[in-house]
Amino acid sequence: MIRCLSLLAVLVVVAAQRPEVCNSPDQWGANMLMFDPFEGHEFAVRAKYYYDKTGLRKARIEEVEVGRNTTHRYSHVIELFAEHYRYDIDLETRECIQTPLNRPGALDGFHPHDVPAGGIFRSLFYIGSDALAGGSVEASAWDYMFPDAGGYFWHGTFTTHGCYPLRSDEFDRTTNNGRFEQFVDIAPGISDPSVFIPPSNCHAGKFPH
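Small disclaimer: the values here were computed from a predicted structure and weren't measured. (Residues numbered from 1 in each chain as written. Predicted model: local features only at pLDDT ≥ 70, side-chain atom pairs only at ≥ 80, totals over all residues. Heavy atoms only, no water.)

## Observations regarding the overall build of the protein chain
Stage number 1. What the protein chain contains, in helices and strands, is 1 helix and 12 strands.
Stage number 2. Listing every helix and strand of the protein chain by position from the N terminus yields α-β-β-β-β-β-β-β-β-β-β-β-β.
Stage number 3. When burial is assessed residue by residue, the protein chain has 34% of its 209 residues classed as buried.
Stage number 4. Once local pairs closer than 6 in sequence are excluded, the contacts in the protein chain between residues at least 24 apart make up 43%.
Stage number 5. Carbon together with sulfur atoms contributes 57% to the accessible area of the protein chain, which is approximately 12,200 Å² in total. (Helix = DSSP H or I, 4+ residues; strand = E, 2+ residues; numbered from the N terminus. Buried < 20%, exposed > 50% of the residue type's maximum accessible area, 1.4 Å probe, protein only. Contact = heavy atoms within 4.5 Å. Areas by Shrake-Rupley, 256 points an atom, 1.4 Å probe, with all protein chains shown as cover.)

Okay, here's the thing in structure tokens:
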């Protein structure tokens, strides 16, 4: 009887620690690292990232490294999903190219940094050390297999307090393509709303690769 009660107590504690599917805050900013290490697709992006779910818009001030010979590009990217336009501003030449932004899905194709409904909880852990006061952040790890996208797989890590994204990995098992994102120095709100305003000299063109 005592053994059964002990087992029940353990199960209750584990269930109480299991986090729920959550949505990240509607507005925040962070330093971002985004990369694709796979053969033929090598690139890395270091950026100041701005996320605004309320206005359905994203922006990045970024440095892009492309290929094994590491060519660099410095740009300002603005994605205005409600208006269906993307703007790429070359920070060296100041040229601004406007391209259509027509992605399928809800929210005009805006991809939120949320745990998807149906996401599978994998683990709860600390980043840093919980031996020191304030020396760690509790995080949860999640997996999701997109049902209508073949072998498209997602893995994400979020803070348990506030549901801020720390890492987001997307991988297509059928093509070996992937994209990996990490977020640090996360701050709530939009520190500089002007990053979403494209310059007046933008013209239609082809997306720069």
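Picking up after the structure, the text goes on.
## Here we look at the nonpolar core
Stage number 1. Residues Trp28, Tyr49 and Phe183 are the most contacted members of the largest nonpolar core, which totals 15 residues.
Stage number 2. Looking at this core, the elements that each hand over two or more residues are strand 1 (27-36) and strand 2 (43-52).
Stage number 3. When near neighbours in sequence (up to four residues on either side) are disregarded, Trp28 contacts Tyr49, Tyr50, Tyr51, His113, Tyr164, Pro165, Phe183, Ile186, Ala187, Pro188, Gly189 and Ile190.
Stage number 4. Cys22, Val115, Phe121 and Tyr144 belong to the second largest nonpolar core, which has 8 residues in total. (Core = buried A, V, L, I, M, F, W, Y, C linked by side-chain atoms within 4.5 Å.)

## Observations regarding the side chain of Ser75
Stage number 1. Along the polypeptide, Ser75 turns up in strand 4 (residues 71-80).
Stage number 2. Since its relative accessible area comes to 6%, Ser75 is described here as buried.
Stage number 3. Every residue in contact with Ser75, bar those within four places of it in the chain, is listed here: Arg60, Ile61, Glu62, Ile89 and Leu91.

## As for the side chain of Asp172
Stage number 1. Summarising the element assignment, Asp172 is placed in strand 10 (residues 165-172).
Stage number 2. Given a relative accessible area of 14%, Asp172 falls into the buried group.
Stage number 3. Dropping the residues within four chain positions of it, Asp172 is found in contact with Gly151, Tyr152 and Asn177.

## Some thoughts on the packing of aromatic side chains
Stage number 1. On inspection of all chains with the given rule, the structure shows 11 aromatic pairs.
Stage number 2. Members of the aromatic cluster, each reached through a chain of ring pairs, are Trp28, Tyr49, Tyr51, Phe81, Phe110 and Phe183.
Stage number 3. For Lys58, the ring lying beneath its charged end belongs to Phe110, and the centroid distance is 4.9 Å. (Phe/Tyr/Trp six-rings, centres within 6.5 Å; stacked < 30°, edge-to-face > 60°. Lys NZ or Arg CZ within 6 Å of the ring centre and 35° of its normal.)

## Describing the pairing of strand 2
Each regular strand shows side chains that alternate between the opposite faces of the sheet.
Stage number 1. In terms of burial, strand 2 is largely enclosed, as 7 of its 10 residues are buried.
Stage number 2. Strand direction decides the pairing type here: strand 1 and strand 2, joined by 10 bridges, are antiparallel. Within strand 2, the residue paired with Asn31 across the bridge is Lys48.
Stage number 3. Strand direction decides the pairing type here: strand 2 and strand 3 (residues 57-66), joined by 10 bridges, are antiparallel. Within the sheet, the bridge partner assigned to Tyr50 lies in strand 3 and is Ala59.
Stage number 4. Hairpin remark: strand 2 followed by strand 3, antiparallel, with 4 residues in the connecting loop; positive phi at Leu56, about 50°. (Pairing = 2+ DSSP bridges.)

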